[in-house]
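Each chain, written out:
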Amino acid sequence: MITLTVPVPKEFSFDQALSFLKRSPRELLHQVEGETVRKALRVDDDVVAIEVSFEKKKVRIDVLAESLTPVQQEEVIAYVREWFDLDTDLKPFYAMAEKDKLLKDLVQQYYGYRIVGQPDLYEAVTWAMLGQQINVAFAYTLKQRFVEQFGASLQMLDRRYYLFPVPEAVAVLSPDLLLPLQYSRQKAAYTITIAEAFANGTVSKESLKGLPLQEAKERLMKIKGVGNWTANYALMKTFRYPDAFPLEDAGLYNVVKKYKKLDRKPTPDEMKKVFKKYKGWEAYATLYLWKSL
DNA sequence: GACCAGGCGCACC
DNA sequence: GGTGCGCATGGT
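Given the structure is predicted, the values throughout are model-derived calculations rather than measurements.

Lining the immediate environment of DNA strand B, one finds 22 residues, of which Arg23, Val136, Lys224, Thr230 and Tyr233 sit closest. The share of sugar and phosphate among atoms of DNA strand B within 4 Å of the protein is 56%. Arg23 is positioned such that a nitrogen or oxygen atom in its side chain is 2.2 Å from a base oxygen of DNA strand B. Lys224 places a polar side-chain atom, nitrogen or oxygen, 2.7 Å from a phosphate oxygen of DNA strand B.

Quick look at the structure:
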């Protein structure tokens with residue numbers, strides 16, 4: 001076993017990250033047990049299992065492997081930094097939120113809560129699409145079946161670690177194989193077109209990296225099944241564009257409805273007005289507002 | 001039994 | 001370029 005440590009900023013709460021990661025018992029891509037989260041990772045064409053915990057104000061990563069190349073060590077550390085969003089300076093956001101009626105209490109209550117990311121863009125897009133217009137619990141059920149059936153896994157010290165299916169494997173599936181998992185015809189078709197786009201290189205994390213948000217969104221939205229909401233959500237989770245956030249999100253509408261004490265759904269203009277105050281921090285504002293639901 | 005979920009594409013105007 | 005509809009199923 002190899003142990004790596006990662007320093008964290010003051011405004012970071014490992015417990016908050018864990019409580020987010022614990023939110024579904026159907027999650028197969030990581031397992032939280034006590035104060036430790038376990039996960040399998042692809043590093044440099046290899047697969048390793050890691051155990052992540054928090055010790056002496058640092059993130060501790062135990063890699064269940066006999067040896068790792070220096071490159072692999074770097075990749076593991078980079079993954080964890082991305083996963084927990086350790087490179088974002090939250091001070092300006094908190095300074096702004098302190099003065100905001102909606103966010104004030106939330107940022108105190110959940111201090112150090114960061115956006116748990118999804119470093120794999122393909123996984124982020126597929127997961128966002130799965131979550132369209134159904135409740136989150138059911139989305140997890142669909143994902144569980146999908147991962148069990150089409151994902152790779154490795155067995156390590158009495159535990160099974162699952163990996164998200166790779167686009168190459170999903171692109172060649174027939175939609176009929178997904179229907180027994182309770183996918184709608186629509187979701188089955190979208191699942192495959194998204195995989196095709198990634199498998200044939202039309203879209204990749206590398207090709208979107210560094211693009212302005214609008215451009216990255218347009219590229220993703222060329223894929224059938226990926227609309228504005230899904231593109232924003234995926235870009236927020238993978239690239240952490242601070243201003244990528246799903247404005248038309250049903251949950252956000254409900255927060256604003258409650259806040260403004262409306263007896264109807266807020267209008268898009270009312271939504272924009274609320275979020276105008278959060279310019280540059282829309283993604284983080286969204287994260288904390290979701291917490292209030 | 002309604003009604004809504006971390007929407008989207010498409011057919012119609 | 002706007003509006004309405006079907007989608008599948010679970011939670012409330």
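So, about the UniProt feature "domain: DNA-3-methyladenine glycosylase AlkA N-terminal" (unreviewed entry) in chain A. According to UniProt, the feature "domain: DNA-3-methyladenine glycosylase AlkA N-terminal" (unreviewed entry) maps to residues 3-120 in the numbering used here. Its end C-alpha atoms 24 Å apart, residues 3-120 is made of 31% helix and 27% strand.

In this section: the protein's contact with DNA strand C. Around DNA strand C, the structure places Gln133, Ile134, Asn135, Phe138, Gln182, Ser184, Arg185 and Gln186. Note that a phosphate oxygen of DNA strand C is positioned 3.5 Å from one of the side-chain N or O atoms of Gln182. Residues that form the surface near DNA strand C fall into these classes: two nonpolar, five polar and one charged.

Within the span of helix α12 (residues 250-259), buried status applies to Gly251, Leu252, Tyr253, Val255 and Val256. On the buried face of α12, the contacting elements are α13 (268-276) and α14 (282-291). Sitting at the head of α12, Asp249 places a side-chain oxygen 2.8 Å from the backbone nitrogen of Gly251.

Membership of the largest hydrophobic core comes to 102 residues, with the highest contact counts inside it found for Ile61, Val63, Phe84, Phe93 and Tyr288. When residues of this core are assigned to their parent elements, the largest contribution, eight residues, is made by helix α5 (residues 121-130). In contact with Val63, not counting residues within four places along its chain, are Met1, Ile2, Leu4, Val48, Ala49, Ile50, Leu68 and Val76. Within the second largest apolar cluster, six residues are counted, among which are Ala40, Ala49, Leu64 and Leu154.

Let's shift gears to a positive patch on the surface. Together, Lys101, Lys260, Lys273 and Lys277 make up a region of like positive charge exposed at the surface. Relative to the helices and strands, Lys260 resides in the loop between α12 and α13. Residue Lys260 is classed as partly exposed on the basis of its relative accessible area, which comes to 34%.

Let us look at the sheet that holds strand β4 (residues 46-55). If you walk across this open sheet you meet the five strands as β1-β5-β4-β3-β2, and the pairing is antiparallel. Each edge of the sheet is formed by a strand with only one pairing partner; in this case those strands are β1 (2-7) and β2 (31-33). Strand-to-strand twist in this sheet, taken as the mean axis angle between neighbours without regard to direction, amounts to 30 degrees. Where strand β3 (residues 36-43) meets β4, seven bridges bridge the pair, whose relative direction is antiparallel. Within β4, the position partnered with Arg42 by the bridge is Val47. Across the sheet, helix α2 (residues 70-83) is in contact with β1, β3, β4 and β5 (58-63); its angle to β3 comes to roughly 125 degrees.

This next bit is on the packing of aromatic side chains. Applying the stated criterion across every chain yields a total of 25 aromatic pairs. Both rings, one in Phe245 and one in Phe275, keep their centres 4.6 Å apart while their planes meet at 20 degrees; by these two values the pair is stacked. Taken together, the positions of Phe245 in the loop between α11 (228-238) and α12 and Phe275 in helix α13 put the pair 30 residues apart, joining distant regions of the chain. The same class applies to Phe245 as to Phe275, namely buried. Members of the aromatic cluster, joined through ring pairs, are Phe93, Tyr94, Tyr111, Tyr113, Trp281, Tyr284 and Tyr288. Directly above the ring of Trp127 sits Lys143, whose terminal nitrogen or CZ lies 4.7 Å from the centroid. Here Lys291 stacks its cationic end above the ring of Tyr113, 4.9 Å away from the centre of that ring.

Taking the numbering used here, the UniProt-annotated feature "domain: HhH-GPD" (unreviewed entry) corresponds to residues 130-293. From the first C-alpha to the last, residues 130-293 spans 21 Å; its make-up is 54% helix and 5% strand.

How each quantity is defined
Residues numbered from 1 in each chain as written. Chains lettered and ligands numbered in written order. Predicted model: local features only at pLDDT ≥ 70, side-chain atom pairs only at ≥ 80, totals over all residues. Heavy atoms only, no water. Near = heavy atom within 4 Å. Polar contact = N/O pair within 3.5 Å; in protein donor to acceptor, adjacent residues only side chain to side chain. UniProt positions renumbered as here; feature names shortened; annotations may be inferred. Helix = DSSP H or I, 4+ residues; strand = E, 2+ residues; numbered from the N terminus. Nonpolar A, V, L, I, M, F, W, Y, C, P; charged D, E, K, R; others polar. Buried < 20%, exposed > 50% of the residue type's maximum accessible area, 1.4 Å probe, protein only. Contact = heavy atoms within 4.5 Å. Core = buried A, V, L, I, M, F, W, Y, C linked by side-chain atoms within 4.5 Å. Patch = residues over 30% accessible without salt bridge, like charges linked within 9 Å, V, L, I, M, F, W, Y side chains within 5 Å. Areas by Shrake-Rupley, 256 points an atom, 1.4 Å probe, with all protein chains shown as cover. Salt bridge = Lys/Arg side-chain N within 4 Å of Asp/Glu carboxyl O. Lys, Arg positive; Asp, Glu negative; His and termini not counted. Charge placed at Lys NZ, Arg CZ, Asp CG, Glu CD. Pairing = 2+ DSSP bridges. Axes fitted to C-alpha atoms, helices over the stretch in contact; angles between N-to-C directions. Phe/Tyr/Trp six-rings, centres within 6.5 Å; stacked < 30°, edge-to-face > 60°. Lys NZ or Arg CZ within 6 Å of the ring centre and 35° of its normal.

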